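# Tertiary structure, described
The residues making up each chain are set out below.
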Amino acid sequence: MTEENQRRVVSVIVINEASVLSRITDLFSGRGYNITSLTVAPIPESKYSRLTIVTAGSVRVIEQITKQLHKLIPVLRVYEHEDMVEKEMAMIKLPISENLSDINTLCEAYNGKIVNAGENTIIAMVADEPKRIDNFLKAIKRYNPKEIVRSGAVALER
Amino acid sequence: MQISGAQMVIEAFIAEGVDTVFGYPGGAIMNVYDEIYKQDKFEHILNRHEQASVHAAEGYSKASGKVGVAMITSGPGFTNAVTGLADAYMDSIPLVVISGQVPMSLIGTDAFQEIDAVGISRSCTKHNYLVTDAKDLPRILKEAFYIARSGRPGPVHVDIPKDVTAQIAEFDYEIELDLETYKPHTKGNPRQIKKAIEAIAKAKRPLFYLGGGIINANAAYEVREFVQKTGIPAVETFMARGVLSHDDELLIGMLGMHGSYASNMAMSETDLVIGLGVRFDDRVTGKLSEFAKNADVIHVDIDPASISKLVNADYPIVGDVKNVVADMLEQVGKIDSENYESWRETIINFNELHPLTFHEDTDRIKPQWVVKRVGELLGDSANISTDVGQHQMWAGQFYPFTRPRQFISSSGLGTMGFGFPAAIGVKAASPEKTSINFTGDGSILMNVQELMTAVEKKIPVINIILNNNFLGMVRQWQTLFYDKRHAETDLSVQPDFVKLAEAFGGIGYRVKTKEEFDAALKDAVEKNIVAFIEVIVERMENVMPMVPSGGSLFNMMLLEKKGDK
Ligand SMILES: Cc1ncc(C[n+]2csc(CCOP(=O)(O)OP(=O)(O)O)c2C)c(N)n1
Ligand SMILES: [Mg+2]
């Protein structure tokens, strides 16, 4: 992997208030950096939220961004993950005419299952490491998925 | 007590000890102006453009060390002020800027004079707020002042919708602030400080690299003592002018793109950089890979994001430079100033080889002479503001600064139009000193309407226009790097600056000789009203030395020696 294209996962704990998200994303967009994925949810029983940001870029710039993240007034903590457990979820809508037991077996291999069945389509979900989700999405292709949604990664330091 | 949002703004100002507010009214901020009308605790200065209000607040803050305050209306009032916010952000100047906003019910409807002000100011303020309920206003205002002045200072913007300024709520300014996520470091790590002292004691050619953070931290006198006791030579950034007095023997001069030969050579030859309140700006370092190539780096700064941002710090110390230097002073006994004797001699030799000077070899007055002359005539009794361009660099190079907060200039953003309004703010903050603005024939026109402010409020700023009929700094680059193609920089067509000043009720002088200049300056100081002194100077003078953009510090273009031609 080249210097320029390091994948990085950063978690940020912030006060859950208006505009905090744009303060954070501005630091990326102002440098022309793309955010690969971003998840946000409140931390239970606190006034904070936790964001997980996946991005790619040069180590130097990402270090700079994390320092700037620390400087934002509503930011409590920033984790640049080194040794983490990382998970992501995906949901897939498939035609009901496909082989459902095959699909179910495939999903099970990625900690998932069929979670909904409608008149013409079913919805399956999986939850696994982002890399493995990539693989799963390749494998599921042959069942003609109609719609795919990925949640973006969440991570916890070991 | 139960009061309106507008009254809260006034009460907060009074509680913060604000004595001067710069601003410009309009629809969305009218409720607050109505309360300004009713009070007599602070003065409001009506600038004639919102950009000038923010620059005036910056000048006020830089000269006084207090938080500067500006007030503007929504929409165009706010957008006019953005340049000032950006300028203050780049130079770490503590400001609280209050803007009016359309009423809450109209936000997001493209209402008259509506603009997403916090959206715009987010990237050029230290922090900002959109107030949605008057009950939050006491806390927000108190936080705004605290955030502006603490840590690495900066501008804070508070946007208040008109209905919130009318809303009645409880006002209590005694509340304890609870900023769990904002706790600036102020004490340096003692272990790092000890290591840094040991490194200094071992170094053979250490060099102080002094920055504007020292002035923000009110640490200049501690730094003077530290320099004195260690006998280590020092260079100053443009922003640090006045940290050491010009006659301090250990002060080599200013470094950087237009730094002196000796300063830039010292930085290139040092084996230990002692950076205090600096941020290794590209105009200071030149080519990074060649900057202080053989040196270890001690870097003291309040802002962790500044440390190792550009130059790796071997001894990083995050903390308020005043505290850190005080801690260092306790161990100063470990440092033997004798060790640096030959290093000091080396620097004296650099200085003799290429002293910072200029040649008086034309009929016209040289701009550098004007700066020097003002120094001789007014010296410590003047505060010096500048606009942006060649005149700015000459002011930084040749004025004999004696104290911190004497020099006020737009460094990071380089905002033409800064000087005049800033000098108004400087005079408001420190009326006992003469307020001089060195400006150019280009820059002065970018906030010339402030003549009216200065006349109305009897603020006797003396603007010295170094008239070279050029956008001189850009012309210099064109001469040197664009084969003399002077695209759109020739300002041969000009106003009559004397009549211009007079049209507003100020006084104007046009001078071509040294005698005329002395007489004009003396007269302007005595008359004590706002003045333009237009000095016709040599047109093609270049600022030297010069490190071409991206070049190495030691590779300077130098003033031709007399007789070299
Ligand atoms: C608002 C703004 N626009 C453009 C510039 C680019 N600029 C830098 S110096 C300069 C020339 C300034 O001319 P003048 O005020 O006459 O000063 P001189 O260099 O001639 O002393 C210009 C155009 C700037 N710094 N600020
Ligand atoms: Mg000019």
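Residues numbered from 1 in each chain as written. Chains lettered and ligands numbered in written order. Predicted model: local features only at pLDDT ≥ 70, side-chain atom pairs only at ≥ 80, totals over all residues. Heavy atoms only, no water.

### What about the pairing of strand β1 (residues 6-15) of chain A?
Residues and elements named next belong to chain A.
- Burial of β1 is extensive: eight of the 10 residues sit out of reach of the surface.
- As paired strands, β1 and strand β3 (residues 48-57) are joined by 10 bridges and run antiparallel to one another. Following the sheet pairing, Gln-6 is matched in β3 by Gly-57.
- The pairing of β1 with strand β4 (residues 75-80) spans five bridges and is antiparallel. The residue of β4 that forms the bridge with Val-14 is Val-75. (Buried < 20%, exposed > 50% of the residue type's maximum accessible area, 1.4 Å probe, protein only. Helix = DSSP H or I, 4+ residues; strand = E, 2+ residues; numbered from the N terminus. Pairing = 2+ DSSP bridges.)

### Observations regarding the sheet that holds strand β13 (residues 296-301) of chain B
All names here are of chain B.
- Taken together, six strands build an open sheet; the order of strands is β11-β10-β9-β12-β13-β14 and the sheet is parallel. Where the open sheet ends on each side, the last strands, each with one partner, are β11 (251-254) and β14 (315-318). Each adjacent strand pair in this sheet contributes to an overall mean axis angle of 15 degrees, direction not counted.
- Judged from the five bridges that link them, strand β12 (residues 272-276) and β13 form a sheet pairing that is parallel. Residue pairing for β13: Leu-276 is matched across the bridge by Val-300.
- Seen against the sheet, helix α11 (residues 261-269) touches β9 (206-210), β10 (234-236), β11 and β12 and runs at an angle of roughly 105 degrees to β11.
- The sheet contacts of helix α13 (residues 321-330) involve β12, β13 and β14, and relative to β13 the element is tilted by about 125 degrees. (Axes fitted to C-alpha atoms, helices over the stretch in contact; angles between N-to-C directions. Contact = heavy atoms within 4.5 Å.)

### A short note on the domain arrangement of chain A
Residue and element names in this part refer to chain A.
- Here chain A is partitioned into domain 1 (6-82) and domain 2 (85-157).
- Distance between the C-alpha centres of domain 1 and domain 2: 27 Å.
- Opposite the 10 residues of domain 1 that make contact, domain 2 presents nine residues.
- A combined buried area of about 660 Å² lies between domain 1 and domain 2, and 49% of that area is made up of carbon and sulfur atoms.
- Linking domain 1 with domain 2 are one salt bridge.
- Taken together, domain 1 and domain 2 are joined by five residue pairs in polar contact (both at pLDDT 80 or more).
- Among the secondary structure elements, those contributing two or more residues to the side of domain 1 that touches domain 2 are β1, β2 (35-42) and β3.
- Residue composition of the side of domain 1 that touches domain 2, grouped by class: two nonpolar, five polar and three charged. (Domains from an automatic or database assignment. Buried area = accessible area lost by both parts, 1.4 Å probe. Salt bridge = Lys/Arg side-chain N within 4 Å of Asp/Glu carboxyl O. Polar contact = N/O pair within 3.5 Å; in protein donor to acceptor, adjacent residues only side chain to side chain. Nonpolar A, V, L, I, M, F, W, Y, C, P; charged D, E, K, R; others polar.)

### Describing the interface of chain B and chain A
- At the interface, 17 residues of chain B touch 15 residues of chain A.
- A buried area of about 1400 Å², summed over both sides, lies between chain B and chain A, and 46% of it is on carbon and sulfur atoms.
- In terms of surface lost to chain A, no three residues of chain B exceed B:Arg122, B:His127 and B:Thr181, which account for 43% of the buried area on that side.
- For the interface between chain B and chain A, the tally reads four salt bridges.
- A salt bridge links B:Arg122 to A:Asp26, with the nearest nitrogen and oxygen atoms 3.5 Å apart.
- Here chain B is connected to chain A by 10 residue pairs in polar contact (both at pLDDT 80 or more).

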